[in-house]
Amino acid sequence: MKLREVLRNLGRDLKDTSDSPFLESELFLSVHLGIKKEDIYFMENIEVQEDVILQAKEFAKKRNNGYPFFYIYGKREFFGINFKVCQGVFIPRPETEVLVEYALDCIKGKEVQILDIGVGSGCILLSFLHESKGSRGVGIDISQLACNTTIENAKNLGLSERVEVFVSDLRGFTTLSKFDLVVSNPPYVKRKNLLSLKFEPREALDGGEDGFDLYPALVKRSFELLHPDGIAIFEIDSDMGERALRLMELNGFKDVEVIRDLANMNRFIKGVRS
Ligand code: GLN
């Protein structure tokens, strides 16, 4: 079968599942045929081997069963960088890029120590360090697999020397040094909205009944871990602005602000340690 036809069939098989069925088909087939995605349309007339056609069918079956594309593809672009992801690790979301941009703006080119709580694939921490050349960072996560993924992504980006990663929860994490910046994208999805969650790690998404379970400890512990005038920035759900603002102020943060994402939704809370 010619590549043109394989692409068309695969795109059609994915159309009820995917927002971008033809893009996914191109990406999948370019990897499996060992060609660059940009070149795929110059090669539409090549004959595709039977084993690749079978793999494409297998891929469509998995996708139609809800398996995330990026787990199959093995990487996800975030802040212009490719991050390795695999099942068991939260897939970076584009809205979180605003957190990185905002954090970089806050430090105004200074070299800082940053802590990422719930580091996952490392997308926030590592894209920050990639831009802020003299800064150093620590990432913690309760998942060993997430920590290993961050370590691997750090190595791929040449950042290993400036990053330390620990398997730890918030309470168990102790350190002698303090930080200039604490960031986190904690689990904040309301449990009732996760009934159909099958493949992404629950511990990265489940914020309890109202989604807010993690924030009290996160805010309190971050205050303790920050230098005076250090900055905390956390991702929140769009309906949590008021509540997160109050919590930050109650815990002694000043200049607390709710920040919006590119869709103009409340998405982050920022405060300065007094
Ligand atoms: N924004 C993510 C989603 O809706 C949730 C991220 C999180 O819980 N930290 O899938």
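Every chain is numbered independently, its residues counted from 1 as its sequence is written. Local features in a predicted model are, by the rule used here, given only for residues with pLDDT of at least 70; side-chain atom pairs are given and counted only at 80 or more, and totals for whole chains, interfaces and linings are based on all residues. Only hydrogens and water are removed before side-chain values are computed, so all heavy atoms of the structure are retained for them.

Further remarks concern the overall build of the protein. Comment: elements are numbered from the N terminus, with helices defined as DSSP H or I runs of at least four residues and strands as E runs of at least two. A tally of regular secondary structure across the protein gives nine helices and nine strands. For the protein, whose C-alpha radius of gyration is 21 Å, the value lies close to the compact-globule estimate of 19 Å for 274 residues. Its C-alpha atoms give the protein principal-axis dimensions of about 65 × 40 × 30 Å. Per-residue burial for the protein yields a buried fraction of 50% across its 274 residues. A fraction of 63% describes how many contacts in the protein between residues 6 or more apart in sequence connect residues 24 or more apart. Accessible areas in this description were obtained via Shrake-Rupley with a 1.4 Å probe; residue shielding takes into account the shown protein chains only. Working note: accessible area of the protein is about 13,800 Å², and carbon and sulfur atoms make up 50% of it. To get the radius of gyration, use the C-alpha atoms; to get the globule rule, take the number of residues to the power 0.38 and multiply by 2.2 Å. Exposure is judged per residue with a 1.4 Å probe applied to protein chains only, and the accessible area is read against the type maximum: over 50% gives exposed, under 20% gives buried, and values in between give partly exposed. What makes two residues a contact is simply this: any of their non-hydrogen atoms within 4.5 Å.

To estimate how far a helix should extend, the number of its residues minus one is multiplied by 1.5 Å. With 13 residues, helix H2 (residues 21-33) extends 18 Å between its outermost C-alpha atoms, agreeing within 8% with the 18 Å of an ideal straight helix rising 1.5 Å per residue. Those residues of H2 lying buried are Pro21, Glu24, Ser25, Glu26, Leu27, Phe28, Leu29 and Ser30. Contacts from the buried residues of H2 go to helix H1 (3-14), helix H3 (50-64) and helix H4 (69-73). After H2 finishes, the residue Gly34 shows a positive phi value of roughly 70°.

Turning our attention to the packing of helix H5 (residues 97-107) against helix H6 (residues 123-131). The axes used here are C-alpha line fits, helices contributing only the stretch in contact, and every angle between their N-to-C directions lies in the interval 0 to 180 degrees. Here H5 crosses H6 at 40°, and the two axes come no closer than 10 Å. Put simply, H5 runs oblique to H6. Taken as a pair, H5 and H6 cross one another with a handedness that is right-handed. Across the interface between the two elements, Leu99, Val100, Ala103, Leu104 and Ile107 from H5 touch Ile124, Ser127, Phe128 and Glu131 from H6. Looking at the contact of H5 with H6 residue by residue, the classes come out as seven nonpolar, one polar and one charged. These descriptions rest on fixed angle ranges, namely under 35 degrees for roughly parallel, over 145 for roughly antiparallel, 65 to 115 for roughly perpendicular, and the rest for oblique. Note on convention: near helix rotated counterclockwise from far helix by under a right angle means a left-handed crossing. Clockwise means right-handed. Polar here means any residue outside two lists: the nonpolar Ala, Val, Leu, Ile, Met, Phe, Trp, Tyr, Cys and Pro, and the charged Asp, Glu, Lys and Arg; Gly therefore counts as polar.

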